[in-house]
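Descriptive structure summary
Take a look at the letters that make up each chain.
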Amino acid sequence: MSIVTVQLGQCGNQIGHEVFNALCSDIRGTHGLCSKKENESYHDSCKERFFCEEESGVPVARAVLVDMEPKVISQTLSVAASSGHWKYSSHSHFCQKQGSGNNWANGYSVHGPRHKEAIMNLVQKEAEKCDRLGGFFTIMSMAGGTGSGLGAFVTQCLRDAFPSSFILNHVIWPYGTGEVIVQNYNSVLTLSHLYQSSDALLVHENDVIHKICAQLMNIKQISFRDVNQVIAHQLGSIFQPTHPAGGSSGYSRNPLGDLMETLVPHPEFKMLGLRNIPQMAENSLPYSTFSWPGLIKHLRQMLIANAKMEEGIDWQVRPPHPGSSIPSTNKPLHFNTSIANLVILRGKDVHSVDLGSFRDPSLYTSWLNPQDAFNAWKTPRAFNKYEKSASLVSNSQFLLKPLDSIVGKAWNMFASKAYIHQYTKFGIQEEDFLDCFTTLEQVISSYTNL
């Protein structure tokens, strides 16, 4: 089944480009470490998901590019085409000349309705090219105006136009120190609107990825491109084909549907966090060896201690003892309770890996059977230069702290009416802000009480 990617705003377009790059270099890599037959079916499955073929034989990304300024889109189109390995369609992008001025209301209330028809026509055409449409994957930032405001509007339009398709929003959480003075407003408005129309939100935090670039990849002067490549690698590690649980021989048919089925058992809980190990500079790889038990042990501790990467994990954090019915408020400090987890393993000897430690009932909330709460997907084909790699997609309290912090900062600004006039002039009233705060306070409360 095919996925249509919708790239929104500067951030969405730059990350989208790196994602297709990562997918393409992975399927072109001959390092597969698996049988020729396995490699071929992996190759075909990935191509059907993310690319369609043209007569020229160059794969064309199944994507729609949207921005309110032309610069990034024209760069993205030309860089992709000059790679010679894949390209974007020349007819599936939409841009304007004026930008959204980092104002969510401008993107949502002005540009959205004004350009709805043109954008949705492009999406419709892309969807019609798919033999079987698996759903939509949108990529956007929360801090600016186009990705966030227009992104939220387009997501609602997708939900209206394709009521039975899956929609996964990939959202970039802004740097805590701030890129834009009103980023907390934009983030609160974006998250609360996406919560109404999306099936799940997959979140990457800029601060975390920045740390990975500095501490694990040893990059001295970190550019946006470095950050985007790490994000793209992590996304590729979940979207590239795998064999779903149950050991069936074929690759998973609909990755978006399978993700939702395994990770989102309740509409109140749809915030997904992603962890991927190992991650290191390419020149360190020849000197490193990885064992599955070691990788799994690290990944599990990253889950329960809410560690962002495999360095600096707090090994003191333990799950509560089974049977001790302590109320959630007295849980061991820093313990991260999960609703559902998915582990994806790629590489050598993958079928002999023991994942029993992830089935421990004490990791999960009491209202879901641990058998249903944990799933594993595997493939013997290695991914992107790592002979063994493991990813964890988790619906847990991973994002509780950053969410609480962003809502708190936005509320403090709102209480003193700072910058509100910038939004009201585009039709977003104080009541709209209050509705958004209420939605997110409810989400925070639900995750806190797990």
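This is a predicted model, so every value here is computed, not measured.

Running from amino to carboxyl end, helix α7 (residues 206-216) crosses helix α8 (residues 224-239) at an angle of 100°, the nearest separation of the two axes being 9 Å. Judged on the interaxial angle alone, α8 and α7 are roughly perpendicular. The residues of α8 that touch α7, namely those facing Asn 206, Ile 209, His 210, Ile 212 and Cys 213, are Asp 226, Val 227, Val 230, Ile 231 and Gln 234. Split by residue class, the contact of α7 with α8 holds 6 nonpolar, 3 polar and 1 charged.

Read from one edge of the open sheet, 3 strands run β2-β3-β5, paired in mixed fashion. The outermost strands of the open sheet, each flanked by one partner alone, are β2 (51-53) and β5 (87-88). Where β2 and strand β3 (residues 59-61) come together, 3 bridges link them in antiparallel fashion. Bridge pairing in β3 places Phe 51 opposite Ala 61. Here helix α2 (residues 36-50) sits on the sheet in contact with β2 and β3, set at roughly 100° to β2.

This part takes up the sheet that holds strand β10 (residues 271-277). Strand order across the open sheet formed by 10 strands is β6-β4-β1-β7-β8-β9-β10-β13-β11-β12, with mixed pairing between neighbours. Strand pairing shows two members of the sheet lacking a second neighbour, β6 (93-95) and β12 (374-379), which therefore form its edges. Neighbouring strand axes in the sheet, compared pairwise and without regard to direction, differ in orientation by 20° on average. Looking at chain direction, strand β8 (residues 166-173) and strand β9 (residues 200-205) are connected through 6 bridges and run parallel. What sits directly across from Val 171, in β9, is Val 203. Contacts from helix α9 (residues 255-263) reach β1 (2-8), β7 (133-141), β8, β9, β10, β11 (338-347), β12 and β13 (388-396), with the element oriented near 80° to β8.

Okay, the confidence of the model for the chain next. Residues with a pLDDT of 70 or more make up 95% of the chain, whose mean pLDDT is 89. Across the chain, element-level confidence peaks in strand β4 (residues 63-67) with a mean pLDDT of 96 and bottoms out in helix α11 (residues 370-373) with 86. Within the model, the stretch residues 325-330 combines pLDDT values under 50 with 6 contacts to residues more than four positions away or in other chains.

Position of Ile 181 among the secondary structure elements: in the loop between β8 and α6 (183-197). Through-space distance from the C-alpha of Ile 181 to that of Lys 87 is 36 Å; in sequence the pair is 94 residues apart. Among residues more than four places away in sequence, those in contact with Ile 181 are Met 413 and Tyr 419.

With that settled, consider helix α14 (residues 430-448). For α14, with 19 residues, the first-to-last C-alpha span of 27 Å sits near the 27 Å given by 1.5 Å per residue. Those residues of α14 that sit buried are Phe 433, Cys 436, Phe 437, Leu 440, Val 443, Ile 444, Ser 446 and Tyr 447. Residues of α14 that are buried make contact with α6, β10, β11, β13, α12 (400-415) and α13 (420-424).

Summed over the entire model, instances satisfying the criterion amount to 12 salt bridges. Ionic pairing is found between Lys 129 and Glu 126, a salt bridge with its closest N-O pair at 3.1 Å. Note on Lys 129: relative accessible area 41%, which makes it partly exposed. With relative accessibility at 2%, the residue Glu 126 sits in the buried group.

Each value, and the rule that gives it
- Residues numbered from 1 in each chain as written.
- Predicted model: local features only at pLDDT ≥ 70, side-chain atom pairs only at ≥ 80, totals over all residues.
- Heavy atoms only, no water.
- Axes fitted to C-alpha atoms, helices over the stretch in contact; angles between N-to-C directions.
- Helix = DSSP H or I, 4+ residues; strand = E, 2+ residues; numbered from the N terminus.
- Parallel < 35°, antiparallel > 145°, perpendicular 65-115°, else oblique.
- Contact = heavy atoms within 4.5 Å.
- Nonpolar A, V, L, I, M, F, W, Y, C, P; charged D, E, K, R; others polar.
- Pairing = 2+ DSSP bridges.
- pLDDT = per-residue confidence, 0-100.
- Expected span 1.5 Å × (residues − 1).
- Buried < 20%, exposed > 50% of the residue type's maximum accessible area, 1.4 Å probe, protein only.
- Salt bridge = Lys/Arg side-chain N within 4 Å of Asp/Glu carboxyl O.

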